[in-house]
Amino acid sequence: MSNPHQPNVLLEVASLSMRLSTKFVQPYSHPKSPQKFTQSQLLTILILKAYLKTTYRGIIDILGASDQLRERMELTRLPHYSTLKYFADRSHVLEITDAMLAEIIKEFAADADEASMDSTGLETSSASAHFRVRSGKTRKKYVKLSVCIVAGSMLPAGLVVGWGPGNDKCEAPELLEKVRHVTQPKRLFADAGYDAEWIHMYCREGWGVQSWIPPAVHRADGSVGGEYRQQMTKQRLKKNGYGRRWLVESFMSGLKRTMGSALAARSESSLIIEAGLKVLAYALRR
């Protein structure tokens, strides 16, 4: 039996989305637009759509059945599902997502001492792994989500969405630059997929953050090159709290359990947007 005093997660997500989004979007896209719905309302509906793992039509049906959600979003009417699709295609949803994530960190995790980054894949089809094996189909392409979270709150400070498979270091420059403008941790953890001397130099010399990344050994004698890479011994990694890197693994696991590991969109641009909104919706929920 549900607790009547316990906050409703959907209502809380909608309220926080409405409050934060008004800081980064104008009420309407153009002075001469129909002005039936604010951009904050449309963005919040997209976030709820990602959170509930439903379609454009599906989220409109859900809103139609929930007086509380409509009241919380100040919706006096419901948009047509095509309005949501046009808004997602035309607006800078991922840029707004970055800004809202930065604001969430500012409000709830500004004093984080540690950060951890990693990547994961989101499926572009709802077909199960068992079906792909039985049908002989292989996973050739997927949406790759790179995220950096702050310890303690386990909130995402930055994300980059692209296509996989691929080397994690390809997304690292953009991800690090985003996080650098959001938070200033003392230590940054990552797995060996991010092992590169230039990443250590960026963090330690350009950002003032201690990077701790186990080196990938490729030489026959077991040695590694680079001033900072040579310092990444097992003893020093352990002494500096490298075990905390697993927090980002926990975040990714929670994201997929809560938001699903498959994307519902069909076009490439819509898949990228949906992946970003999943992270934002999960952050708002936390």
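Keep in mind it's a predicted model, so treat the numbers as computed, not measured. (Residues numbered from 1 in each chain as written. Predicted model: local features only at pLDDT ≥ 70, side-chain atom pairs only at ≥ 80, totals over all residues. Heavy atoms only, no water.)

Moving on: the overall build of the protein chain. Per the secondary structure count, the protein chain includes 12 helices and 5 strands. Here the C-alpha radius of gyration of the protein chain, 21 Å, is about what a compact globule of 286 residues would show, namely 19 Å. Along the first, second and third principal axes, the C-alpha atoms of the protein chain reach 70 × 50 × 45 Å. Sorting the 286 residues of the protein chain into buried and exposed places 49% on the buried side. Nonlocal contacts in the protein chain, meaning residues at least 24 apart in sequence, comprise 67% of its contacts between residues at least 6 apart. Taken as a whole, the protein chain presents about 14,800 Å² of accessible surface, with 51% of it coming from carbon and sulfur. For the protein chain, the distance from the average site of its 40 positive side-chain charges to the average site of its 28 negative ones is 5 Å. (Helix = DSSP H or I, 4+ residues; strand = E, 2+ residues; numbered from the N terminus. Rg over C-alpha atoms; globule rule 2.2 N^0.38 Å. Buried < 20%, exposed > 50% of the residue type's maximum accessible area, 1.4 Å probe, protein only. Contact = heavy atoms within 4.5 Å. Areas by Shrake-Rupley, 256 points an atom, 1.4 Å probe, with all protein chains shown as cover. Lys, Arg positive; Asp, Glu negative; His and termini not counted. Charge placed at Lys NZ, Arg CZ, Asp CG, Glu CD.)

Now for the domain arrangement of the protein chain. Taken as a whole, the protein chain is organised into domain 1 (9-89) and domain 2 (109-268). Taking the mean C-alpha position of each, domain 1 and domain 2 sit 31 Å from one another. (Domains from an automatic or database assignment.)

Turning to helix 5 (residues 81-90), a few remarks are in order. Those residues of helix 5 not exposed but buried are Leu84, Phe87 and Ala88. With its buried residues spanning 95° around the axis, helix 5 presents them on a single face. Lining the buried residues of helix 5 we find helix 2 (39-52), helix 3 (56-64), helix 6 (93-108) and helix 12 (268-285). (Arc of directions from axis to C-beta.)

Turning our attention to the environment of Ser146. Mapped onto the secondary structure, Ser146 falls in strand 2 (residues 142-150). Remark: the alpha-carbon pair of Ser146 and Ala102, spanning 44 residues in sequence, is separated by 16 Å. Those residues in contact with Ser146, other than ones at most four positions away along the chain, are Asp118, Ser119, Gly158, Leu159, Val160, Glu171, Leu175 and Tyr194.

This next bit is on the nonpolar core. Residues Ile47, Leu188 and Leu277 are the most contacted members of the largest nonpolar core, which totals 81 residues. A total of 11 residues in this core trace back to one element, the largest contributor, which is helix 12. For this core, the domains that each give at least three residues are domain 1 (9-89) and domain 2 (109-268). Other than its neighbours up to four places away in sequence, Leu188 contacts Ala115, Ser116, Met117, Cys148, Leu176, Cys203, Trp207, Val209, Gln210, Ser211 and Trp212. Judged by nonpolar contacts, the second largest core, of 5 residues, contains Phe189, Trp212, Met232 and Tyr242. (Core = buried A, V, L, I, M, F, W, Y, C linked by side-chain atoms within 4.5 Å.)

A few words on the sheet that holds strand 3 (residues 155-164). In spatial order, the strands read 3-2-1-4-5; together these 5 strands make up an open sheet with mixed pairing. Looking at strand neighbours, the two that pair on one side only are strand 3 and strand 5 (210-212), the edges of this open sheet. Ignoring which end each strand starts from, the neighbouring axes of this sheet average 20° apart. Of the strand pairs in this sheet, strand 4 (residues 187-190) and strand 5 are connected by 3 bridges, and their pairing is parallel. For Phe189, the partnering residue across the bridge sits in strand 5 and is Trp212. On top of the sheet, helix 6 reaches strand 2 and strand 3; it is set at about 155° to strand 3, its chief contact. With respect to the sheet, helix 12 is in contact with strand 1 (114-122), strand 2 and strand 3, its orientation differing from that of strand 3 by roughly 160°. (Pairing = 2+ DSSP bridges. Axes fitted to C-alpha atoms, helices over the stretch in contact; angles between N-to-C directions.)

Time to look at the packing of aromatic side chains. Evaluation of the coordinates by the stated rule reveals 2 aromatic pairs. A ring pair is formed by Phe189 and Tyr242, whose centres lie 6.1 Å apart and whose planes are at 90°; its orientation type is edge-to-face. Of this pair, Phe189 sits in strand 4 while Tyr242 sits in the loop between helix 10 (234-239) and helix 11 (246-259); the two residues are 53 residues apart in sequence, bridging distant segments of the chain. The exposure class of Tyr242 is buried, given its relative accessible area of 15%. Pairing Phe251 with Tyr282 gives two aromatic rings, centres 5.3 Å apart and planes at 65°, and the pair type is edge-to-face. Remark: Tyr282 occurs in helix 12 and Phe251 occurs in helix 11; sequence separation between them is 31 residues. Judged by its relative accessible area of 0%, Phe251 falls in the buried class. The lysine or arginine in question, Arg204, covers the ring of Trp212, its NZ or CZ lying 4.8 Å from the ring centre. (Phe/Tyr/Trp six-rings, centres within 6.5 Å; stacked < 30°, edge-to-face > 60°. Lys NZ or Arg CZ within 6 Å of the ring centre and 35° of its normal.)

Each pocket or cavity is described by its volume, and for the largest pocket that value is around 360 Å³. If you trace the largest pocket, you find 17 residues lining it, with Pro34, Phe37, Leu42, Thr83 and Arg90 closest to the centre. Put simply, the parts of the chain that give the lining of the largest pocket at least two residues each are helix 2 and helix 5. A total of 4 residues in the lining of the largest pocket trace back to one element, the largest contributor, which is helix 5. For the lining of the largest pocket, a count of residues per class yields 7 nonpolar, 7 polar and 3 charged. Lining the second largest pocket are 17 residues, with Lys49, Tyr56, Ala265, Ser270 and Glu274 sitting closest to its centre. Of all elements in the fold, only helix 2, helix 5 and helix 12 reach the threshold of two or more residues within the lining of the second largest pocket. Considering each element in turn, the lining of the second largest pocket owes the most residues, 4 residues, to helix 12. (1 Å grid on protein atoms, 1.4 Å probe; cavity = no way out; pocket = protein on both sides within 12 Å on 5 of 7 lines; lining within 4 Å. Points joined across faces, edges and corners; volume = space filled by probe spheres on them. Nonpolar A, V, L, I, M, F, W, Y, C, P; charged D, E, K, R; others polar.)

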